[in-house]
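Chain by chain, the residues run as shown.
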Amino acid sequence: MFEDISQSGDGGLYAELLQNRAFQQVTPNTAAALNAWHSINGASLSVLADPIPVSSALPNSLQVTIPTGITGPVGVGNEGYFGIKVAAGSTYTASFHYRFPTASSFKGRITVGLQTAAGKSLVSTTVPIAAASTAWTLVNVTLHPTTSAATTANNFTVTLDGAAASGQTVHFAFFSLFPPTFKNRPNGMRVDIATTLAEMGPSFFRLPGGNNLKGQIPSQRWQWNATVGPLINRPGRVGTWGYINTDGLGLMDYLNWCEDLGMQAIMAVWSGFTLSGTSIAEADLGPFIQQAIDQINFVIGDPAKSSAAALRASLGHPAPFKLNYVEVGNEDFFGADTYTYRWHDIVTALTAEFPRLNFIATSNTFNPILSPNPLQYDIHEYNTPSWFAQNSFFYDGFQRNATKYFEGEYAAISTNSSDVFGSPADGRLLFPTMQSATGEAAFMTGIERNSDIVFSASYAPLLNHVANTQWTPNLVSFDAGNVYRSTSYYVQKLFSLNRGDAYIPSTLPTPSGTLFWSVARKNATQQIIIKISNTMDTVAPMTFVLPFTVVASTGTAQVLTGAGTASNSPTTPNLVSPKTSTIKTGKKFSYTAPGFSFSVLTLVAH
Ligand SMILES: O=S(=O)(O)O[C@H]1C[C@H](O)[C@@H](O)[C@@H]1CO
């Protein structure tokens, strides 16, 4: 499940290294407009609504005035998203637009570089500039540092020589700095985070939210058409998690990412309801329904019949992307009273356009009663580790009535059942622990047992930058230089990579117990896969009696275990990780699950 929360996109998965790169959605002539930028050696800086904007989508530019009487490099620096990693051997591609507000005979040179926060140059290059006209000029350079920075406290810098450029005023717009990207995609993903997610072998990617779909007000909702095409035409938006979204990571980028990982999108369309509780009146839904139709046509439409699909083709992907599920809103149980008409009108229109798509409702299951009757519901659960352990049979009691379920957001987030969404001082987890991960694993054995009706499940939230986090815990944490794989990440990865092809019945765990398991069969290798979650700190001896003709005498155990409070975090990044060993197996064999452990036993049996 992905949304731009806690810099998951901007400053996270999306590889752009500069924060506030284009002064999008900021108020000119304010200090806030200069967020992440700072003056170097006395340059005076201000963000202004440029009389000649670089594009209609990017009205603001940075005015840099070089004072008289200063020698040495003078200009502007960007601190990145709480740091910039500079690795020797990597090629960094930088760009920016500049123009002189007044034409003159001035000719000079701009130095573009990376330097430590202390001012030590790591790499730089210079380009000539001239004030012959007031038009915008695009500068593209590549930077090849030969030494890696010791820390991520580094800045991107653009400077002129103080003496030579004394008194000059230059406007800059739309800076950008990219490191190498995952699969070298232009405008692509940060390699270490992308690789970490790819390692999980995910099947789907829910986008673009979560609450970041909704907006606080209708004009701040996520709008697909504002997030595709040339970056210079993307205005960005005020995200719902307290920071501006550049929308540099847009719908086409999401879809290319899905294709790169072999995932299908579970894509949401706005459902006419905002985070502040505003519902669009039924009579006014038309334009929003059309926008949803266009959004879906952008993904799967026929370029010969839909302009949105033709736009996709023009951006390099004439074939449709893989899409089977469209979610209608997010957590519309907050707007249940109007979801009855919003769901009806949106799904009626979308079903007529796209009869093969499956639409996912986000209100509480069958409350209210919706028409058309939803065949998919998205169920969210944030609770304590023990809630998850005690509710591994949550789906066993669900009616088998053609309805399918998407456990679209779940996580054990607090040890305090009376204040689950509270602060860390009140039991909220900052990072997943072994207790929370084994609680989730217990719950997931139930999802596996009920996979006839639970068609997908995803932990949420996926990502957070430890320097700007709106929600904890998260599956994968990161800072400018590192990625931190949590205990829950390893549980998700072990489930995902050891899914098997079919669930096979076994002696059922005790619903109110502390030890949970599920068994699957992997056809190609004639193996069974036994997943075991021990949600307590005491070891759990188990005996397996297998009704198979052939059972191998040895098998593989992949075991994640640690103290209940153990977390992987920036201070202890690899405290807990799965260990693989060989175990003795047979038609009857014993296995002792360590305290607070998740085990995956794999053996040939048929
Ligand atoms: O504050 S919440 O409403 O609980 O936000 C949660 C639920 C929402 O779908 C998602 O965006 C967010 C964190 O994963």
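For clarity, every value in this text was computed on a predicted model and none was experimentally measured.

Cut-offs applied
Residues numbered from 1 in each chain as written. Predicted model: local features only at pLDDT ≥ 70, side-chain atom pairs only at ≥ 80, totals over all residues. Heavy atoms only, no water. UniProt positions renumbered as here; feature names shortened; annotations may be inferred. Helix = DSSP H or I, 4+ residues; strand = E, 2+ residues; numbered from the N terminus. Near = heavy atom within 4 Å. Polar contact = N/O pair within 3.5 Å; in protein donor to acceptor, adjacent residues only side chain to side chain. Nonpolar A, V, L, I, M, F, W, Y, C, P; charged D, E, K, R; others polar. Axes fitted to C-alpha atoms, helices over the stretch in contact; angles between N-to-C directions. Parallel < 35°, antiparallel > 145°, perpendicular 65-115°, else oblique. Left-handed = near helix turned anticlockwise from the far one by under 90°. Contact = heavy atoms within 4.5 Å. Pairing = 2+ DSSP bridges. Phe/Tyr/Trp six-rings, centres within 6.5 Å; stacked < 30°, edge-to-face > 60°. Lys NZ or Arg CZ within 6 Å of the ring centre and 35° of its normal.

1. Observations concerning the UniProt feature "domain: Alpha-L-arabinofuranosidase C-terminal" (unreviewed entry) in the protein chain
And step 1. The sites that carry the UniProt feature "domain: Alpha-L-arabinofuranosidase C-terminal" (unreviewed entry) are, in the present numbering, residues 408-597.
And step 2. Within the segment residues 408-597, helix and strand shares are 14% and 35% respectively, and the terminal C-alpha atoms sit 24 Å apart.

2. Thoughts on the site of the ligand
And step 1. By nearness alone, every residue bordering the ligand is listed as Glu3, Gly210, Asn211, Trp241, Asn330, Glu331, His380, Tyr382, Glu409, Pro461 and Trp471.
And step 2. In the model, an oxygen atom of the ligand is placed 2.5 Å from a nitrogen or oxygen of the glutamate 3 side chain.
And step 3. With respect to the ligand, the backbone of asparagine 211 contributes an N or O atom lying 2.8 Å from an oxygen atom.
And step 4. Partitioned by chemical class, the residues of the shell around the ligand number 4 nonpolar, 4 polar and 3 charged.

3. Observations regarding the packing of helix α7 (residues 434-449) against helix α8 (residues 487-497)
And step 1. Where α7 contacts α8, the two axes come as close as 8 Å, and the packing angle between them is 25°. Overall, the two elements α7 and α8 adopt an arrangement that is roughly parallel. Remark: the crossing between α7 and α8 carries right-handed chirality. Two secondary-structure elements touch here, α7 through Met434, Ser436, Ala437, Glu440, Ala441, Met444, Thr445 and Glu448 and α8 through Thr487, Ser488, Val491, Gln492 and Phe495.
And step 2. Residues belonging to the contact of α7 with α8 are distributed by class as follows: 6 nonpolar, 5 polar and 2 charged.

4. Looking at the sheet that holds strand β4 (residues 73-78)
Pairing between the strands of a sheet comes from backbone hydrogen bonds, and it takes one of two forms, parallel or antiparallel.
And step 1. One open sheet accounts for 5 strands, arranged β1-β4-β9-β6-β7; its pairing is antiparallel. Lying at the two open borders of the sheet, with one neighbouring strand each, are β1 (37-40) and β7 (121-130). The average angle at which neighbouring strand axes cross in this sheet is 20°, direction not considered.

5. Quick look at the packing of aromatic side chains
And step 1. According to the stated counting rule, one finds 42 aromatic pairs in the structure shown.
And step 2. Ring geometry for phenylalanine 2 and phenylalanine 205: centres 5.3 Å apart, planes at 25°, overall stacked. Taken together, the positions of phenylalanine 2 in the segment before β1 and phenylalanine 205 in strand β11 (residues 204-207) put the pair 203 residues apart, joining distant regions of the chain.
And step 3. Aromatic side chains tyrosine 325 and phenylalanine 455 sit 4.4 Å apart centroid to centroid with 15° between the ring planes, which places their arrangement in the stacked category. Of this pair, tyrosine 325 sits in strand β15 (residues 323-328) while phenylalanine 455 sits in strand β19 (residues 454-459), and the two are 130 residues apart along the sequence.
And step 4. Aromatic rings pair up to connect Trp387, Phe388, Phe394, Tyr395, Phe398, Tyr405, Tyr410, Phe443 and Tyr459 into one cluster.
And step 5. Over the ring of tryptophan 136 we find arginine 99, and its NZ or CZ is 5.7 Å from the ring centre.
And step 6. Seen from the ring of phenylalanine 393, arginine 449 lies directly overhead, with NZ or CZ sitting 3.8 Å from the centre.

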